[in-house]
Amino acid sequence: MEATAAGTSGQSRPGREVRRARVAVSVVFAVHGTASGTFATRIPWLRENLGLSPGWLGLALVFMTVGASAAMPLSARLAHRYGPRRALAWVSLVCCAGLVLPPQAPALGWLCVALFLYGCGLGLMDVAMNAQGVRVEAAYGRSVMSGLHGLWSVGTLVGGAGGVLAAHAGLDGRVHLASAAPLLGALAVAAAHWTPGTEPATAPDAADGDDGTEAPPRFALPSRGALAIGLLGFCAVFAEGASMDWSGIYLADVTGAEPGLAASAYTAFACTMALARLSGDAVVRRFGPVATVRAGGVLAALGAALVVAARTPAVAVTGFALIGVGIAVVVPLCFAAAGRTTATAPGQAIAGVATLAYASGLAAPAIVGWIAQTTTLSVSFGVVTALLLGLVAMATVLRA
């Protein structure tokens, strides 16, 4: 469905190798989403197990942000040195292994260390799989990124559903995550071997540039165009990160929901986001990216306002579901717009947008926790509502 978003009727069918690569990259996206969803639904268990307040939990979650931000630039260099296929396999294994660490932490300090390491894995895998998605899209000659991100959302739904079942059953978080991690790691590593692969630009024991190819920079400021697009993604992904990591706690603390019902708020959010992404290409073709993002921003802000006003679980779940629908296509459209910028190479622009957007998503849980510590969780989601209205104001940066 999403593969024909930018195609024309005269295009030939992609070859078997290209189609196989797309399936493989889709699996990796789904695994990353499943790991993220699995972890998100066990955050309430982590809080209860260690007896953390919202502020201390937010402080711990910021270490995940620091880990991801520190590791993201390394992903491109690993792909340059060892080849994108091999690099993706290894960083996927690191990410899934890191899922085991947070529930093993006996105290807050160890939890911070564990979340830092887990964040490193998330950041490395995120950049590597999006880079492979760009390669697949180039091979197709038409858009596939929306569908790939849709399958990431399907993965979060699968992980969220597993979390709901685990919470209902009272399953210990250590057992749950330790069981999920090896299965996800094996699946991602197997799929990575079928993704687009090229020879490394330099031999492992050679210095960068020996073949005339310069290694990617460790850090590069995004261009003005990429920065504007990244700020749009920042607003959407902030709402996504806040909803992923705090929806269960919001229902438990504000609406008094039972643990199983509290976990279902995340599942509703992930489900609506997945459906909207998988069908988003048709909407964008019909109305264009600017109008689509503006309408989505209004819908998502309405959902966040419902969350702020909610005092019953049903209203809050409905609000989180609307947030999922409203922000669903923003990030795929941001990547597509970054690829069209002319001020820098497309890969560098996409990297800049990704860094801004995903740093926002990883920082959001900590910021929401800090605001909740000094005020209330309802006030935290009032801030989310304001950022979502920013989508309406900034949507014009997606205009071709």
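Right above here is the structure, for reference.
Residues numbered from 1 in each chain as written. Predicted model: local features only at pLDDT ≥ 70, side-chain atom pairs only at ≥ 80, totals over all residues. Heavy atoms only, no water.

## Focus on the pattern of salt bridges
Counted by the stated rule, this structure contains four salt bridges. Between Arg174 and Asp172 there is a salt bridge; the shortest N-O distance is 2.8 Å. Looking at Arg174, the relative accessible area reads 35%, which means it is partly exposed. The partly exposed category is assigned to Asp172, whose relative accessible area is 25%. Through salt bridges with shared partners, a single network forms among Arg47, Glu48 and Asp253. (Salt bridge = Lys/Arg side-chain N within 4 Å of Asp/Glu carboxyl O. Buried < 20%, exposed > 50% of the residue type's maximum accessible area, 1.4 Å probe, protein only.)

## Some remarks on the packing of helix 1 (residues 16-41) against helix 5 (residues 108-140)
Where helix 1 contacts helix 5, the axes come no closer than 10 Å and their chain directions differ by 155 degrees. Classed by the angle they form, the pair helix 1 and helix 5 counts as roughly antiparallel. Between helix 1 and helix 5 lies a crossing whose hand is left-handed. Two secondary-structure elements touch here, helix 1 through Val18, Arg19, Ala21, Arg22, Val25, Val28, Phe29, Val31, His32, Ala35, Ser36 and Phe39 and helix 5 through Leu115, Tyr118, Leu122, Met125, Asp126, Met129, Asn130, Gln132, Gly133, Val136, Ala139 and Tyr140. Grouping the amino acids of the contact of helix 1 with helix 5 by side-chain chemistry returns 16 nonpolar, five polar and three charged. (Axes fitted to C-alpha atoms, helices over the stretch in contact; angles between N-to-C directions. Helix = DSSP H or I, 4+ residues; strand = E, 2+ residues; numbered from the N terminus. Parallel < 35°, antiparallel > 145°, perpendicular 65-115°, else oblique. Left-handed = near helix turned anticlockwise from the far one by under 90°. Contact = heavy atoms within 4.5 Å. Nonpolar A, V, L, I, M, F, W, Y, C, P; charged D, E, K, R; others polar.)

## Topic: a nonpolar patch on the surface
Taken together, Leu101, Trp110, Val113 and Leu117 make up a surface patch of nonpolar side chains, about 390 Å² in accessible area. Here Trp110 is to be found in helix 5. (Patch = residues over 30% accessible without salt bridge, like charges linked within 9 Å, V, L, I, M, F, W, Y side chains within 5 Å. Areas by Shrake-Rupley, 256 points an atom, 1.4 Å probe, with all protein chains shown as cover.)

## Considerations on the packing of aromatic side chains
Here the structure, examined in full by the defined rule, presents five aromatic pairs. For the ring pair Tyr250 and Phe381, a centre distance of 5.3 Å and an interplane angle of 80 degrees mean the geometry is edge-to-face. Of this pair, Tyr250 sits in helix 8 (residues 224-254) while Phe381 sits in helix 15 (residues 377-394), and the two are 131 residues apart along the sequence. Residue Tyr250 shares its accessibility class with Phe381, and that shared class is buried. (Phe/Tyr/Trp six-rings, centres within 6.5 Å; stacked < 30°, edge-to-face > 60°.)

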